[in-house]
Amino acid sequence: MKISSGEAVEKNPLPWFIKNYVSGKWLLVVFAIVFMAIEGSMLGFISYAVKELFDTVFVPQDKKSVLYVGLLIFTIFSIRAISGFLQRSLILRASIEIISKLQKKIAAHIIDLDYEFFFDNSPGDLIERIKGDGQIIQVNFVQIVMALGRDSVSLLALLSVAFWIDWRWALISLLGIPILIIPILFLQKYILSVSSKSRVSSARVTTLLDEAFHGVASIKQNGIETYIKSRIDNSVDKTRHAWIRSELGIAGMPALIDLVAAVGFLGVMIFGGMEIISGKKSIGDFMSFFTAMALIFEPLRRLSNVSGQLQLLNASLERVFNVSKIQPNITYVKDKSSIGLKKIRKKQLIQFDNVCLSYGDETILKNVSLKIEKDKFVSFVGVSGSGKTTMLNLISRLIEPTSGTIYLNGKELKHIPIEDLRKKVSVVTQENNLFDDTIRQNIILDAQDLNEDNLSYVLDETTVNDFILNFDGGLNFNVGPRGMNLSGGQRQRVALARAFLRDTEILLLDEPTSALDPQTSKRINSALKRISRKSKTIILTTHKLDIAMHADVIFVFRSGQLV
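Keep in mind that what you see is a predicted model, and the values were worked out from it rather than measured.

Helix and strand counts for the protein come out as 18 helices and 10 strands. Within the span of the protein, comprising 563 residues, buried residues form 47% of the whole. Counting every atom, the protein has about 29,100 Å² of accessible surface; 59% of that belongs to carbon and sulfur.

With that out of the way, let us pick up the sheet that holds strand β3 (residues 377–381). The strand order β6-β7-β8-β3-β9-β10 describes an open sheet built from 6 strands, whose pairing is mixed. Either end of the sheet is taken by a strand with one partner, and the two such strands are β6 (425–428) and β10 (561–562). Where β3 lies against strand β9 (residues 553–558), 4 bridges are found, and the strand directions are parallel. Bridged to Ser379 within β9 is Ile554. Across the sheet, helix α11 (residues 388–395) is in contact with β3, β7 (506–510), β8 (537–542) and β9; its angle to β8 comes to roughly 150 degrees. Against the sheet, helix α16 (residues 488–502) engages β6 and β7, with an angle of about 170 degrees to β6.

Okay, helix α6 (residues 167–174) next. Those residues of α6 that sit buried are Trp169, Ala170, Ser173 and Leu174. The buried residues of α6 occupy an angular sector of 120 degrees when the element is viewed end-on, so they sit on one face.

What the rule picks out here adds up to 11 aromatic pairs. Ring plane angle 75 degrees and centroid distance 5.0 Å describe the contact between Trp16 and Phe321, whose orientation is recorded as edge-to-face. Remark: Phe321 occurs in helix α10 (residues 283–324) and Trp16 occurs in helix α1 (residues 14–22); sequence separation between them is 305 residues. Neither Trp16 nor Phe321 differs from the other in exposure class; each is buried.

Within the secondary structure, Glu39 sits in helix α2 (residues 26–58). Look past the residues within four positions of Glu39 in its chain and what remains in contact with it is Arg80, Ser83, Gly84, Gln87, Arg88 and Arg150.

As defined by bridge partners, β9 adjoins β10 across 2 bridges and the pair is classed as antiparallel. Paired with Arg558 across the two strands is Gln561, which belongs to β10. What sits between the antiparallel neighbours β9 and β10 is a turn of 2 residues, in which Ser559 has the positive phi angle 55 degrees.

Glancing now at the pattern of salt bridges. Going through the model one piece at a time under the given rule, you end up with 14 salt bridges. In this structure, the salt-bridge partner of Asp125 is Arg129, at a minimum N-O distance of 2.8 Å. Placement of both Asp125 and Arg129 in helix α5 (residues 123–165) is noted, with a separation of 4 residues, approximately one turn of the helix. Neither residue differs from the other here; Asp125 and Arg129 are each classed as buried. The shortest N-O distance in the salt bridge between Arg240 and Asp237 comes to 3.0 Å. Of the two residues, Arg240 and Asp237 both sit in helix α9 (residues 225–278), 3 residues apart, roughly one turn of that helix. For Asp237, a relative accessible area of 30% gives the class partly exposed. One network of salt bridges, with partners in common, ties together Asp125, Arg129, Asp133 and Arg319.

For the rest of this paragraph, the subject is the environment of His415. Of note, His415 is situated in the loop between β5 (411–412) and α12 (418–424). Among the residues examined, His415 registers a relative accessible area of 10% and is labelled buried. In the structure, His415 is positioned 82 residues away from Val333 in sequence and 5.0 Å away in space, judged by C-alpha atoms. Residues in contact with His415, not counting those within four places in the same chain, are Tyr332, Val333, Lys334 and Asp335. Of the polar contacts made by the side chain of His415, one reaches the backbone oxygen of Val333; its length is 2.7 Å.

Ranked by size, the top nonpolar core spans 55 residues in total, and within it Trp16, Phe17, Ile91, Leu102 and Ile137 carry the most contacts. Contributing elements (two or more residues each) for this core: α1, α2, α3 (64–111), α5, α6 and α10. Ranked by residues supplied to this core, first place goes to α5 with 14 residues. Setting aside chain neighbours within four positions, we find Leu102 in contact with Trp16, Phe17, Tyr21, Ile137 and Val320. In this structure, Phe377, Ile443, Ile468 and Leu486 belong to the second largest nonpolar core, which totals 35 residues.

Taken as a whole, the second largest pocket encloses approximately 420 Å³ of empty space. For the second largest pocket, the lining is made up of 20 residues, of which Ile136, Arg199, Trp243, Glu247 and Leu312 are closest to its centre. Residues of the lining of the second largest pocket, tallied by class, amount to 6 nonpolar, 11 polar and 3 charged.

In the Ramachandran plot, Arg482 falls in the positive-phi region, its phi being about 55 degrees despite a non-glycine side chain. Mapped onto the elements of the fold, Arg482 is located in the loop between α15 (465–468) and α16. We classify Arg482 as partly exposed; its relative accessible area is 45%.

For Lys374, the position within the fold is in the loop between β2 (362–373) and β3. Each C-alpha atom of the pair Lys374 and Ile506 lies 8.8 Å from the other, and the pair is 132 residues apart in sequence.

Attention now goes to the side chain of Ser201. Position of Ser201 among the secondary structure elements: in helix α7 (residues 181–214). On the basis of relative accessible area, Ser201 is assigned to the buried category, the value being 14%. Not counting residues up to four positions away in its chain, the partners in contact with Ser201 are Ser235, Lys238 and Thr239.

A contiguous nonpolar surface patch, about 460 Å² in accessible area, is contributed by Ile18, Trp26, Val30, Val34, Ile38 and Ile79. Here the nonpolar patch gets 4 residues from one element, more than from any other, and that element is α2. Its place among the elements puts Ile79 in helix α3. Since its relative accessible area comes to 35%, Ile79 is described here as partly exposed.

Once that is clear, we can look at the packing of helix α14 (residues 452–461) against α16. For the pair α14 and α16, interaxial distance at closest approach is 9 Å and the crossing angle is 140 degrees. Taken as axis vectors, α14 and α16 run oblique relative to one another. With respect to the hand of their crossing, α14 and α16 are arranged in right-handed fashion. For the pair α14 and α16, contact is made by Asn454, Leu455, Val458 and Glu461 and by Ala497, Phe500 and Leu501, respectively. Among the residues making up the contact of α14 with α16, the classes are represented as 5 nonpolar, 1 polar and 1 charged.

Calculation notes
Residue positions within a chain follow its written sequence, with the count starting from 1. Local features in a predicted model are, by the rule used here, given only for residues with pLDDT of at least 70; side-chain atom pairs are given and counted only at 80 or more, and totals for whole chains, interfaces and linings are based on all residues. Values reported for side chains reflect all heavy atoms of the structure, with hydrogen atoms and water molecules removed beforehand. Each helix is a run of DSSP H or I of at least 4 residues and each strand a run of E of at least 2, with the numbering of both proceeding from the N terminus. Using a 1.4 Å probe on the protein chains alone, a residue whose accessible area is under 20% of its type maximum counts as buried, one over 50% counts as exposed, and one in between counts as partly exposed. Only the protein chains shown count as cover for residues, and the accessible areas themselves come from Shrake-Rupley with a 1.4 Å probe. When DSSP finds two or more bridges between two strands, those strands count as paired. We call two residues in contact whenever any of their non-hydrogen atoms come within 4.5 Å of each other. Helix axes are fitted only over the stretch in contact, all axes being lines through C-alpha atoms; the angle between N-to-C directions runs from 0 to 180 degrees. By definition, the arc is the one covered by directions from the helix axis to the C-beta atoms. Any two of the Phe, Tyr and Trp rings considered here, Trp counted by its six-membered ring, make a pair once their centres fall within 6.5 Å; the pair's planes then place it as stacked at under 30 degrees, edge-to-face at over 60, or tilted in between. Here, a salt bridge means any side-chain nitrogen of Lys or Arg that lies within 4 Å of a carboxyl oxygen of Asp or Glu. Polar contacts, as counted here, are pairs of nitrogen or oxygen atoms within 3.5 Å of one another; within protein the pair requires one atom able to donate a hydrogen and one able to accept it, and residues that are adjacent in sequence qualify only if both atoms are side-chain atoms. Definition used in this section: a nonpolar core is a set of buried Ala, Val, Leu, Ile, Met, Phe, Trp, Tyr and Cys residues joined via side-chain atoms within 4.5 Å. Of the grid points, spaced at 1 Å and generated over the protein atoms alone, those admitting a 1.4 Å probe that cannot get out make up cavities, while open sets with protein on both sides within 12 Å along at least five of seven lines make up pockets; any residue with an atom within 4 Å of a point is treated as lining. Grid points are joined across faces, edges and corners, and a volume is the space filled by probe spheres set on the points. Any residue outside Ala, Val, Leu, Ile, Met, Phe, Trp, Tyr, Cys, Pro, Asp, Glu, Lys and Arg is labelled polar, Gly included; the first ten of those are nonpolar and the last four are charged. Within this analysis, patches are made of residues with over 30% relative accessible area and no salt bridge. Like charges are joined at 9 Å or less; nonpolar side chains (Val, Leu, Ile, Met, Phe, Trp, Tyr) at 5 Å or less. An angle below 35 degrees is read as roughly parallel, one above 145 as roughly antiparallel, one from 65 to 115 as roughly perpendicular, and any other as oblique. With the far helix as reference, a near helix turned anticlockwise by less than a right angle produces a left-handed crossing, and one turned clockwise produces a right-handed crossing.

Written out as structure tokens, the structure is:
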């Protein structure tokens, strides 16, 4: 299934995010909001303290009140500093833990999705959804909570002071705010639109970089550096343009607030100034009000940004949410009858019963029926594209047949828990993907209670011992990303050693000697024959008859059919 990058499965994934991820950190978030409220309320006290400073100290020139007002201001700023530090510490910790949980769950969810899912969704896009979108969610979540928890209280505290001093002055300064409603609604839609485009473009850049860095050898060998760089440049430019438009939209919110503030201050200066001159109001009243109104527009500007930040948050949440709602089609189906295949020979292990597989209008396998007995060395032979690899993928349930049934030990594959099935099967593919770790770790993976004698035996059988002595550290030599520090033949032997060490009931080998020299290939084939005598079923695909001839049974495929 192809993920839609710009269209959400649900109009607002925010409730899903809060229920599944934020709810587990409510205590941290609530405590953070409490300290935000304390910090925000201090702005009201600061503006009030200005009135005391002028009316109690400066105008009457009362030296006795200096210490009192000074301690008052010192206390206000101290409380603000402590509460500010605590709320930032708590909300940052909460947000980081929330996003870490989100990233881990989405990564695990993607890994559990069907193999076919990765045909349509590039690694770069998926990485960007986990990493890039996760970071954007974290940053905007913090800013939104801080604005609502701190700035809303600051706004209320400062408005209270302003209305307490003179409600008419307060109304005059805020008269222009209603005219902001329509521009803000327009900016919200604009920001959501360009933010979605920005995230799609950013994912495209990650995809191109992933392809370029993993395919650097092919790029250099074909002399297409300029072509690849131009593709990356074009995607970066698209991201830059979308990003700039998004930031301009967000910047428009506080700019509108400042325009309203300019009009409000002009009205207060004219109306309030006359009352000061006439003696109706004290200088302390005016300075306290002026301070409150000067301070009020900063939290108001940040609050006006909340709508833009919410659109950024939603744009990234949609992309993560879309992935989370995709469910694998290949699952374990409980067999209520527990009967399975009625007629089965004791030695029979795998049976294909009229199996077909299609992708759209393309037929990959057509009416394949065959039986494979236990402990046999079986070979699937045919030219490239004849369906050999597909047969192995069906046995390991990487893919599902379009129709027909596959049995293992007389039981339908879908009625066997996937984890149990994979424990019975070891696979060596043509890609031989290795992890950026040591040779030893790539072979043993998560093996528990490893027997070193078995490891040594496997290293000999797969001829890994022939080349590890050439590396510093031997088995502890790091193979690099995707095993790039090894040759193709060395990677293939490490993959074979991994499969041999697992010692599973079934061994699936997809062209296992394609990258090996004739002498090494001959030794591997001899090892396979020895292993097949040890209660193990081996199924090997090849287009080389000299390799297939060692098998007990040969199945020949042509154009998706067993001939």
